[in-house]
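Working through the structure, step by step
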Amino acid sequence: MKIISKMLKLLPVFLLVLGLTGCGDDDELNMGPGVQTTTVVDVALDNDLNILAAALISADLVTTLEGTGPFTVFGPTDTAFQNLLDSNPAWNGLEDIDPSLLRNVLLNHVIIGSNISSSDLVTAGEGYAITAGVGPNESNLSLYYNTSNGVIINGSTEVTNADNEATNGVVHIVNEVILPPTIATFATANPALENLVSALALADTGDSPTVPWISTVSSSEAGPLTVFAPTNDAFADLLMELDPSGMTGLGDLDPGLVDTVLTLHVLTSNTRSTGLSSGTLTTLGGNVTLDANNLTITDANGRVSNIIVSLVDIQGANGVVHVIDKVVLPELEMSNNIIDVAIANDFIILAQALTLVEDQTENDLVSLLQSDGPFTVFAPSDQAFQDLLDSNDEWSALTDIPIDVLTNVLLNHVIVGAEVMAEDLIQAGSGYTNTTAIGPDEANLSLYYNVVNDVVQLNGGSSSAVGANVTTPNVGADNGVIHVIDKILLPPTVVDFALANPALTNLVAALGAADGQDPSPELTPTLSGTGPFTVFAPTDGAFADLLQELEVDGLGDLDAALVEDVLLMHVVADNVRSSELSTGAVPVLGGSVQLDANALTIEDPNGRESNIVIELVDIQGANGVVHVIDRVILPEL
């Protein structure tokens, strides 16, 4: 689902000094008694705008437009006037049109006080000007122009012959009669308000909209109204606010909710910017707070919308529009769960990933993290997600990652049933906990943590291929805690756990020594592969005892082939958790050992006994499980 979003160009508005407050008679409209050699009326006649000339005579506006001006006149062709007459069965001629309506329609084609050329309009690109037509409270009507595809007035009227100059102004010939615009005219004409139009249409599809929105804002008989009109960007920001995944479009919202939201943008009066006063502002949908000095509106949730100062007082026949940069919302039931906190802290890609998984799988991650908890969530920054995407040439977006892979990666960042604070981890120093990610036989993956220079590291820290550092700890939520991390926690292998834990350094060194043979047995790549494996991992102390037992100074003094044989005695080709260990012979890659499941001991072919460290069993990786032991197992010597 795409969110419609276009940048609003805040172009200068033509602030044309009209020198009038109404248009009651010729004296008020006449800018002076000077004699003009070629007036805009003459230009109209020279261009065969005969019905326009007749209309000006009928409305008693000829003398006005023969004044000094300057005037900018949009002159409809005879065909345009005939189309207007044909639009109403009661209009057979100009005399059938109500004189006051005809006069106002004609004045809506006249800008007094400026000689505006087509190049002026093209340079501006788009904007609003003020005509001599009047709307509610005798306020002069606005006119919207856009030059992205020719010069278009109020969304439909095209200038077909521009810059016909007169001594008192200029005439631009147009292909339609420009009727007094409504609020709907301005909303549909300006591409920066497309989302507002979509919202109005969506609200109309509800069971019982507050008003028939489209017909109300389209009717010149409705109102008068004041509409605070959110830009496209304002609606796009709202959708991201409601769903940071970016996967919700305006059309996905409940029409009833949209109806309620729209009512908060409407006043039942024609209130221009000069009439706005600080304090409570009563909208169709309830009260909001207005700051007339700063031109801001604050909704019931404390969210502030700015009234865009260059886009106020867009006057229509049925009301006035002021453009705002944020959608006003009704009072919302506020929550502060893990998802809310993630959104508030701009974890945009994390939110997108969680939503993607919830939409495409049966794993309700978003709903889970909105429930009671408690949860501990290690939240990767947006940059961490981007680094993950950059690490694979086939991944340019989250949707390129296989959904099962993305799901398990996200689950590897969540601890269910505990709110683990950074202080808890620092006090413990190091250890293992379980995430909700899944490994072989549906066993939950383990997570190793330790502390280096007061920084909590996970699965070996950010220098590890699968680990991360906590950069911002203890971001509180009502149902748990978030710790911000700088990398994605990828599901670890049994080798990753060996690399992460400083107490298994000698095991890593032994793997390196064995793999140093030519040809290499490639134990490390094998144990980093799919598995599954069970690894009985000797501690550094166990290796130190072995070196003393064999009377050598270091692993380098041992034959690499012997080291390989030793290591193979510690690997079972299966994922065997502690609860599944059974007394008797256990086949390992290097032969067989005897296991006592009650005492948790392993006896090698030499009768030497190793103890499985009960606090360090079931360290579950993506390709197997690790049980730590206190003595190295040897092949038969």
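Here's what I pulled together on the structure shown here. (Residues numbered from 1 in each chain as written. Predicted model: local features only at pLDDT ≥ 70, side-chain atom pairs only at ≥ 80, totals over all residues. Heavy atoms only, no water.)

1. Some details on the side chain of Asn408
Stated precisely, the cut-off is as follows: Here a helix means four or more residues in a row that DSSP labels H or I, a strand means two or more in a row labelled E, and each is numbered from the N terminus. Only heavy atoms enter the contact rule, under which two residues are in contact if any of them lie within 4.5 Å.
Along the chain, Asn408 falls in helix 17 (residues 403–411). Setting aside its immediate chain neighbours within four residues, Asn408 contacts Ala437, Ile438, Leu445 and Pro491.

2. A look at the layout of surface pockets
Rolled over the atoms, a probe as big as a water molecule pinpoints where empty space is left. Here is the rule: Cavity and pocket criteria rest on a 1 Å grid covering protein atoms alone: a 1.4 Å probe that fits but cannot get out defines a cavity, protein on both sides within 12 Å along at least 5 of 7 lines defines an open pocket, and an atom within 4 Å of a point defines a lining residue. Grid points are joined across faces, edges and corners, and a volume is the space filled by probe spheres set on the points. When residue character is reported, Ala, Val, Leu, Ile, Met, Phe, Trp, Tyr, Cys and Pro are called nonpolar, Asp, Glu, Lys and Arg charged, and the others, Gly included, polar.
When its volume is computed, the second largest pocket comes out at roughly 350 Å³. In this structure, the second largest pocket is lined by 14 residues; those nearest its centre are Leu101, Pro180, Ser220, Glu221 and Ala317. Ranked by the residues each element gives to the lining of the second largest pocket, the list is headed by helix 6 (residues 99–107), at three residues. Split into classes, the residues belonging to the lining of the second largest pocket amount to eight nonpolar, five polar and one charged.

3. Here's the deal with the packing of aromatic side chains
This is how the line gets drawn: Classification of ring pairs rests on two measures: the distance between centres of Phe, Tyr or Trp rings, Trp counted by its six-membered ring, which must be within 6.5 Å, and the angle between planes, read as stacked under 30 degrees, edge-to-face over 60 and tilted in between.
Inspection of every chain in the model, using the stated rule, returns four aromatic pairs. Between the aromatic rings of Tyr432 and Tyr448, the centroid separation amounts to 4.9 Å while the plane-to-plane angle is 50°, which identifies the pairing as tilted. With Tyr432 in strand 18 (residues 430–438) and Tyr448 in strand 19 (residues 444–452), this residue pair connects regions lying 16 residues apart in the sequence. A ring pair is formed by Tyr432 and Phe497, whose centres lie 6.1 Å apart and whose planes are at 70°; its orientation type is edge-to-face. One end of the pair, Tyr432, is in strand 18; the other, Phe497, is in helix 19 (residues 494–500), with 65 residues separating them in the sequence. Feature note: the residues Tyr128, Tyr144 and Phe186 constitute an aromatic cluster, connected by ring pairs.

4. Quick word on unusual backbone geometry
Note that the residue after Gly373, namely Pro374, is joined by a cis bond; omega there is 5°. In this structure, Pro374 sits in the loop between helix 15 (365–370) and strand 16 (375–380). Omega for the peptide link from Gly531 to Pro532 comes to 5°, which places this bond in the cis form. For Asp48, which is not glycine, the phi dihedral falls at a positive 60°. Structurally, Asp48 can be placed in the loop between helix 2 (40–46) and helix 3 (50–58). Phi at Asn453 is positive, roughly 55°, even though this residue is not glycine.

5. Examining the sheet that holds strand 12 (residues 296–298)
Strand pairing in a sheet relies on backbone hydrogen bonds, with the paired strands running either antiparallel or parallel. Put simply, the rule is: Strand pairing requires that DSSP identify at least two bridges connecting the strands. The convention used is that axes are lines fitted to C-alpha atoms, helices contributing only their stretch in contact, and that angles between N-to-C directions extend from 0 to 180 degrees.
The strand order across the open sheet built from four strands is 10-11-12-13, with neighbouring strands paired in antiparallel fashion. Only two strands of the sheet have a single neighbouring strand rather than two, namely strand 10 (279–283) and strand 13 (304–306). Each neighbouring strand pair of the sheet contributes to a mean axis angle of 35°, computed without reference to strand direction. Examined bridge by bridge, strand 12 and strand 13 share three bridges and lie antiparallel to one another. The residue bridging Ile297 from the neighbouring strand is Ser305, located in strand 13.

6. Notes on the packing of helix 20 (residues 505–515) against helix 23 (residues 560–568)
Relative orientation and spacing of two packed helices are given, respectively, by the angle between their axes and the distance between those axes. Applied cut-off: Relative orientations are named as follows: roughly parallel for angles under 35 degrees, roughly antiparallel for angles over 145 degrees, roughly perpendicular for angles from 65 to 115 degrees, and oblique for any other angle. Handedness of a crossing follows from how the near helix is turned relative to the far one, being left-handed for an anticlockwise turn of less than a right angle and right-handed for a clockwise one.
At their nearest, the axes of helix 20 and helix 23 sit 8 Å apart, and the two run at 125° to each other. Between helix 20 and helix 23, the angle is such that the two are oblique. Note on packing geometry: the crossing formed by helix 20 with helix 23 is left-handed. In this structure, helix 20 contributes Leu507, Ala510, Leu511, Ala513 and Ala514 to the contact, and helix 23 contributes Ala560, Val563, Glu564 and Leu567.

7. Quick notes on the sheet that holds strand 24 (residues 571–572)
The mixed open sheet is built from four strands, whose spatial order is 24-23-30-29. Of all strands in the sheet, those bounded by a partner on one side alone are strand 24 and strand 29 (619–621). In this structure, strand 23 (residues 533–538) lies alongside strand 24, joined through two bridges in antiparallel fashion. When the bridges of strand 24 are listed, Thr534 appears paired with Val572.

8. A short note on the packing of helix 14 (residues 348–360) against helix 17
Running from N to C, helix 14 and helix 17 cross one another at 125°; their axes reach a closest spacing of 10 Å. Put simply, helix 14 runs oblique to helix 17. For helix 14 against helix 17, the interelement crossing comes out left-handed. Seen from helix 14, the contacting residues are Leu350, Ala353, Leu354, Leu356, Val357 and Gln360; seen from helix 17, they are Ile403, Leu406, Thr407 and Leu410. Considering only residue class, the contact of helix 14 with helix 17 consists of eight nonpolar, two polar and no charged.

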